[in-house]
Amino acid sequence: MMKINPSASPLYMLSCLVMLLLLPLPSLCADPDPLQDFCVADLGSSASVLNGFPCKPASNVSSDDFFFDGLSKEGNTTNIFGSNVTAGSVVTFPGLNTLGISINRVDFAIGGVNPPHSHPRATETVLVISGQVLVGFVTTGNVYFSKVLTAGQIFVIPRGLVHFQKNVGPGKALAFTSFNSQLPGAAIVPLNLFASTPLIPNDVLTKTFQVGDDVVNSIKSKFSS
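Here is what the cut-offs are and how they apply
- Residues numbered from 1 in each chain as written.
- Predicted model: local features only at pLDDT ≥ 70, side-chain atom pairs only at ≥ 80, totals over all residues.
- Heavy atoms only, no water.
- Patch = residues over 30% accessible without salt bridge, like charges linked within 9 Å, V, L, I, M, F, W, Y side chains within 5 Å.
- Areas by Shrake-Rupley, 256 points an atom, 1.4 Å probe, with all protein chains shown as cover.
- Salt bridge = Lys/Arg side-chain N within 4 Å of Asp/Glu carboxyl O.
- Helix = DSSP H or I, 4+ residues; strand = E, 2+ residues; numbered from the N terminus.
- Buried < 20%, exposed > 50% of the residue type's maximum accessible area, 1.4 Å probe, protein only.
- Contact = heavy atoms within 4.5 Å.
- Pairing = 2+ DSSP bridges.
- Core = buried A, V, L, I, M, F, W, Y, C linked by side-chain atoms within 4.5 Å.

### Digging into a nonpolar patch on the surface
Okay, step 1: A cluster of nonpolar residues, Leu127, Ile129 and Ile154, forms a patch on the protein surface that exposes about 240 Å² of accessible area.
Okay, step 2: Tracing the chain through its elements places Ile154 in strand E7 (residues 154–157).
Okay, step 3: Under the relative-accessibility criterion, Ile154 is labelled exposed at 54%.

Structure (structure tokens):
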């Protein structure tokens, strides 16, 4: 940090203060701050922008652009994980463009899991609506933190850390997850490792997990569809 000598000349002190003012300040949100009241995403535009989506002309914006009912319906959990994530991001809710927020609905069948994953662009809060959900994350120091949540309870997951949610109750469960990004992204660990395009070479995975080809091939086959 720059230190200013109190005995220095006024001109020197002024130049130091100007330099401090010009230094970039840390951002408190994941996405850039908006420069207008709103910028409803024009998802059909072919224009390219640095971050986010082009704005729909304000004259074409209506109240419906700020409304989304996609989280009102239960998701289909008949899959290998027994869970379903319904995204309320800028891609499905264009009114979120430039606002730096999004929200997902997560439905769990009995025993269902939202598998280990991370969000590279956002911190996450998990709010359980019904059921009992085990939420956990692992730090870069390989320390595991977790809590079983019931209705009305919240758990926060720091940005970029690997985490999961699992239904540990006797019935179905429902949670809503919110993010400080309009498009937090999701890197799903099992799919990244065993279902990438093209596939990660077997010798990388066998060496990493200290198992044989048969084990790796068996795991890959479960995600092939």
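### A look at the side chain of His119
Okay, step 1: Looking at the element boundaries, His119 is found in the loop between strand E3 (113–118) and strand E4 (124–130).
Okay, step 2: If we skip the residues at most four places from it in the chain, His119 touches Glu124, Arg159, Gly160, His163, Phe179, Pro184, Gly185 and Ala186.

### Re the pairing of E7
Okay, step 1: Only one face of E7 is buried, namely the one carrying Phe155 and Ile157, since none of Ile154 and Val156 on the opposite face is buried.
Okay, step 2: In this structure, E4 lies alongside E7, joined through four bridges in antiparallel fashion. Following the sheet pairing, Glu124 is matched in E7 by Ile157.

### Quick word on the nonpolar core
Okay, step 1: Grouped together as the largest cluster of nonpolar side chains are 13 residues, with contacts concentrated most on Phe108, Val126, Val133, Val135, Leu149, Phe155 and Ile157.
Okay, step 2: Sorting the residues of this core by element identifies strand E2 (102–108), E4, strand E5 (133–138), E7 and strand E9 (173–179) as the ones contributing at least two each.
Okay, step 3: At three residues, the largest contribution of residues to this core is made by E5.
Okay, step 4: Among residues more than four places away in sequence, those in contact with Val133 are Phe108, Val128, Lys147, Val148, Leu149, Gln165, Lys166, Val168 and Ala173.

### Description of the sheet that holds E3
Okay, step 1: Here we have five strands laid out as an open sheet, ordered E6-E5-E8-E3-E10, and antiparallel in their pairing. Across the chains shown, the open sheet's two edge strands, defined by having one partner strand only, are strand E6 (144–149) and strand E10 (187–188).
Okay, step 2: The sheet contact formed by E5 and strand E8 (residues 162–167) spans six bridges and is antiparallel. If you follow Val138 over to E8, its bridge partner there is Val162.

Function cannot be inferred from these measures alone, as they are strictly geometric.
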